[in-house]
Amino acid sequence: MGEKVHYLPGPSIPQTLFSNNRRNVSISRVLGVAGTFTKRPSSSSLTFSHLSNALDDPTKLTSLSSAKSIRAQILKFAEGSNLEQSLNELIIMSAKAGNSRLAALVLFMGFERESTSLDYLEKELNRVGMQLSEFLVVLRELHREGMLFNRMVLSAVLYICAKSMDFRVGAEIHTFIVKNGFDLYADLEIALKEFYCGSRNAEQLFNEMAWRTVPSWNEAIISSSENGLWLKCVELFKMMQFSHVKPSKLTITKVLQACGKLEALQQGMQIHGFALKTELLSDLLVRNSLISMYSKCSELVLARAVFDSMSSRSVVSWNSIISGYALKGFLSEAWDLYDKMERSEVKPDLVTWNSLIRGHSVHGSLEETLKVLHRMQLAGLRPNSSSITSALQVITEVGPLELGKEIHGYLMRNGLDDDIYTGTSLVDMYIKKGKLAKAQLVFDNMKNRNSFVWNSLISGYAYSGLVKKAQELLNEMEQEGLRPDLHTWNNLILGHAILGLNKQALSLIHHLDRVSLSPDVASWTALISGCCQKGNYLDSLKFYVLMQKAGIKPNSSTIASLLQACAGLASLDKGLELHCFVIKYGFDSDVYVATALIDMYCKSGNLNSAYHIFKKNRNINLASWNAMLMGLAAHGQGEEAISLFSEMGRLGLRPDAITFTALLSACMYSGLIGEGWKHFDSMKSDYSLVPTLQHYSCMVHLIGQNGYLDEAWDLIRTMELEPDASVWGALLGACRVHKNLELAEIAAKHLFKLEPYKKGNYMVMMNLYAMKGRWGDAEIMNDLVNVLGVKNMGGWCWIQINRTVHVFSAEGRPHPDIAEIYFELYQMILEMKKLGYVPDTDCVLETLDEEEKEKLLLSHPEKLAITFGLIKTGRSQPIKVIKNARVCKDCHTAAKYMSQISGREIVLKEGVRFHHFINGKCSCNECF
């Protein structure tokens, strides 16, 4: 019950305690028979022993009139003294005499006369050794024997029913209240609401009601809504309609809210029609709920139609439509509505501004979000926890840590750091910025902590590989009286899987049964998703099989993770199977699944299917556009990617940092230097986006590979960020192509510090020194490799023939058909040489003679895999080879000749990039 004291309101129902026209029935079993009572002196005119004598004979307790007589004697006992004091004395005497039922009757009278609180009731019942459920039995029997209760007692009974989980009695009282017209009293309405909401099994209560009244239907739906049971809310409304019960306006709004939460557009539209038919649509509250529902279902056109049809609009109406546009990324339209709101009679409030801040934090930039926050303050409104939480979220994603610290300081200065929402956001920000110690400090200083902040911190430690600390926090959470829920355990499962501790993660799923929790779809999805993030794609698919055996059906998040696994494996066959499953079970309309399908087809080499899904699906977001742009870039379709980016602009969709990574990659892979510079410069000037290391790496690669090494070096020197290995690696790669030793030495110096055990960097320098005749320096590089014990990650590739994967590696066991493969490859090389093929021995970094280098080039895994594909597949079938590393220049040239001689399309994937060889030409246009 807590420490809250409940005082029930005064009586308005007629005060008659007993009805004289009711039939006389025995209530001896209700009050019980008193034993011998110890005489206790009293200032009242009647001693307790006199009352005891009246109760000694059970024959005196056979009628309501007898009970009435007892009541009169009790009142006479208290006559001339303080009633509450007298009743307390009588309760104590009853307890000592062992008559708990008489004590219950006295307590009941206290409620009747408003001299007893609910907290006092529980305390006194505990003192006489009586449970709430036993007290309820007494009241129930009195009620059934004909006793009429006033509002005070009825409210108390409803409270006790909720507390003792007695749903049947509560339903009886509800029926009694409605039949007698007492449901119009505000105090009883509140008591009924608390009863329905307080009963943890309100659904069972409702199902067991013999007579479902209009209030009971409405309360059941409202209760489901307020407890977040959105699906149940909609189901109850359907049942209510079948029962021909008219819902209230509040019920309609709650069901519309549920439809919005579930994004159940069809059901929401049906309720819209029902409201129109029953003339409830004129109500402002209903219309506002329709705007909100349509907005959450991404049907802004319908939301705007409802809004425009309103003759009068409240601040909630304006906020609902502005929030709808802002949260869906249509920020210009949201600001247009804001301007109209300012010109109307209704003025923007804090909710209006928070909606705009939230929209910019999700779909805009950090700079714009902070500008809106500043404008709100200029308008005379002070940011609240919701405003700051939105700002913290965008800082968490793209902002610098220092800015987050400034926001933290603002919260402390303005007394907002105690707020549980801002506290949770601060913990989340510090975790995602890699500052676990800071997150822990904020957490430790929070006065109030809910399960969300516990889960956030536990997940932070788990994702960082500190699973032991995460487990300790989980134990602390239990010690503080917060039972770890399924979400807490799922965070641990995900953390273990991200670390590659798949067996331990699976053990945690099995452990859930031992803590009275059942693994759900989120538990298995956490395991599958964690494996994908670690790159253990095959394990993801294996765990999906186990999930199916456990009888758990996948949701959209599960399917998206599985498609990610297929994309990582470039497994088109598995991806096609999942696509069929998606269509069969209706997941194709889900934006995350659609995006995952686009990504899977792009990374599996089927760009046409990806583009078809992208164009066909109406429900796509920025991530979908980014996936399609990245796909076009990977397949060497630079101009198409630029055209798609222009289309984004025409549609008013604002790009983010990932969009520009995809766009600059497209320029890089297609050699579009002018377009690359144009879009790189526009990041700051047009979109207020600060270029990241990925963007700089793309630009260094683009201009460096095309021979502009001085410009690449100037760009690195003027960078606002400290160059990382990707930037220096791009410069070293360009120096290798253009044989620029001077800049290569600068790049290598940094790479040896950043990546001391990466053999490729040493081999590039060794080769460059050898080409320049600096054999001493080449030997030094070779000695460094030996001293450091640097080992080369062996190159390998694979090809799938008839559902069997064939792996080719420079090291390890040779392929069973290696003799046949080499024979065919020798023949192919002879034909290639006739057409002008010259082996590029510069690709061999070892110090060998030319003949040995040519032999070594023949053993490159991609040549062997392509040859095997030519032998084992039909002439109409494209050959797809997946390689784990960059394709060397000689293999790239050889693949062009092989496609020309065989007349076959050869698809060669290196990392994330695809080369399509057709009739002696490559889709990359020699930009590799």
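Residues numbered from 1 in each chain as written. Predicted model: local features only at pLDDT ≥ 70, side-chain atom pairs only at ≥ 80, totals over all residues. Heavy atoms only, no water.

Caption draft 1: Here's a closer look at a positive patch on the surface. On the surface, Arg736, Lys739, Lys772, Arg886 and Lys889 cluster together into a patch of positive charge. Turning to its location among the elements, arginine 886 is positioned in the loop between β3 (879–883) and α49 (889–902). (Patch = residues over 30% accessible without salt bridge, like charges linked within 9 Å, V, L, I, M, F, W, Y side chains within 5 Å. Areas by Shrake-Rupley, 256 points an atom, 1.4 Å probe, with all protein chains shown as cover. Salt bridge = Lys/Arg side-chain N within 4 Å of Asp/Glu carboxyl O. Lys, Arg positive; Asp, Glu negative; His and termini not counted. Charge placed at Lys NZ, Arg CZ, Asp CG, Glu CD. Helix = DSSP H or I, 4+ residues; strand = E, 2+ residues; numbered from the N terminus.)

Caption draft 2: Just the packing of aromatic side chains, in detail. Applying the stated criterion across every chain, the model contains 20 aromatic pairs. With a centroid separation of 5.6 Å and 65° between ring planes, the pair formed by phenylalanine 645 and phenylalanine 660 is classed as edge-to-face. Of this pair, phenylalanine 645 sits in helix α37 (residues 638–650) while phenylalanine 660 sits in helix α38 (residues 657–670); the two residues are 15 residues apart in sequence, bridging distant segments of the chain. Overall, the relative accessible area of 8% leaves phenylalanine 645 in the buried class. Of the residues examined, phenylalanine 660 reaches a relative accessible area of 0% and is grouped as buried. Geometrically, the ring pair formed by tryptophan 713 and tryptophan 728 is tilted, given 6.1 Å between the ring centres and 45° between the ring planes. (Phe/Tyr/Trp six-rings, centres within 6.5 Å; stacked < 30°, edge-to-face > 60°. Buried < 20%, exposed > 50% of the residue type's maximum accessible area, 1.4 Å probe, protein only.)

Caption draft 3: Up close: a nonpolar patch on the surface. There is a patch of nonpolar side chains on the surface, built from Tyr757, Ile780, Leu784 and Leu788 and spanning about 370 Å² of accessible area. Structurally, tyrosine 757 is set in the loop between α43 (741–754) and α44 (759–771).

Caption draft 4: Local environment of the pairing of strand β4 (residues 906–910). β4 sits mainly inside the fold: five of its five residues count as buried. Along β4, one buried face is formed by Ile906, Leu908 and Glu910 and the opposite face, lined by Val907 and Lys909, is buried too. Alignment of β3 against β4, held across five bridges, turns out to be parallel. Note on β4: the bridge partner recorded for lysine 880 is valine 907. Handedness of the crossover joining β3 and β4 through α49 is recorded here as right-handed. Here β4 runs beside strand β5 (residues 913–918); their pairing, made up of five bridges, is antiparallel. When the sheet's bridge partners are listed, glutamate 910 is paired in β5 with arginine 913. The loop that links β4 with its antiparallel partner β5 comprises two residues; one of these, glycine 911, has a positive phi angle of about 65°. (Pairing = 2+ DSSP bridges. Right-handed = clockwise from strand over helix to strand, strands pointing away.)

Caption draft 5: Broad picture of the sheet that holds β4. Taken in spatial order, the six strands of this open sheet run β2-β1-β3-β4-β5-β6, and their pairing is mixed. Unpaired on one side and paired on the other, β2 (804–809) and β6 (921–922) mark the two borders of the sheet. Across the sheet, α49 lies against β4, β5 and β6, angled at about 35° from β5, the strand it touches most. (Contact = heavy atoms within 4.5 Å. Axes fitted to C-alpha atoms, helices over the stretch in contact; angles between N-to-C directions.)

Caption draft 6: How the structure looks around the pattern of salt bridges. One pass over the structure, following the stated rule, counts 19 salt bridges. Here lysine 249 ties to aspartate 283 by a salt bridge, and the two come within 3.4 Å at their closest N and O atoms. Here the residue lysine 249 occupies a position in helix α14 (residues 249–262), and aspartate 283 occupies one in the loop between α15 (265–277) and α16 (284–296), the gap between them amounting to 34 residues. We classify aspartate 283 as buried; its relative accessible area is 18%. Its salt-bridge partner being arginine 304, residue aspartate 308 comes within 3.2 Å of it at the nearest N-O pair. Of this pair, aspartate 308 and arginine 304 both sit in helix α17 (residues 300–308), four residues apart, which is roughly one turn of the helix. Among the charged side chains, a salt-bridge network with shared partners connects Glu397, Asp428 and Lys432.

Caption draft 7: Structural view of the nonpolar core. By size, the foremost hydrophobic cluster in this structure holds 141 residues, and its most contacted members are Val427, Leu527, Ile559, Met628, Leu731 and Met765. Ignoring anything within four residues of it in the chain, the contact list for methionine 628 reads Ile598, Cys602, Leu607, Ala610, Tyr611, Phe614 and Leu644. Membership of the second largest hydrophobic core comes to 51 residues, among which are Ala220, Leu236, Ile271 and Ala334. (Core = buried A, V, L, I, M, F, W, Y, C linked by side-chain atoms within 4.5 Å.)

Caption draft 8: Molecular detail of helix α34 (residues 591–603). With 13 residues, α34 should cover 18 Å at 1.5 Å per step; its first-to-last C-alpha distance of 18 Å lies within 8% of that length. For α34, every residue scored as buried is listed here: Val591, Val593, Ala594, Thr595, Ala596, Leu597, Ile598, Met600, Tyr601 and Cys602. Backbone nitrogen of tyrosine 592 and a side-chain oxygen of the N-cap are separated by 2.9 Å at the start of α34; the cap is aspartate 590. (Expected span 1.5 Å × (residues − 1). Polar contact = N/O pair within 3.5 Å; in protein donor to acceptor, adjacent residues only side chain to side chain.)

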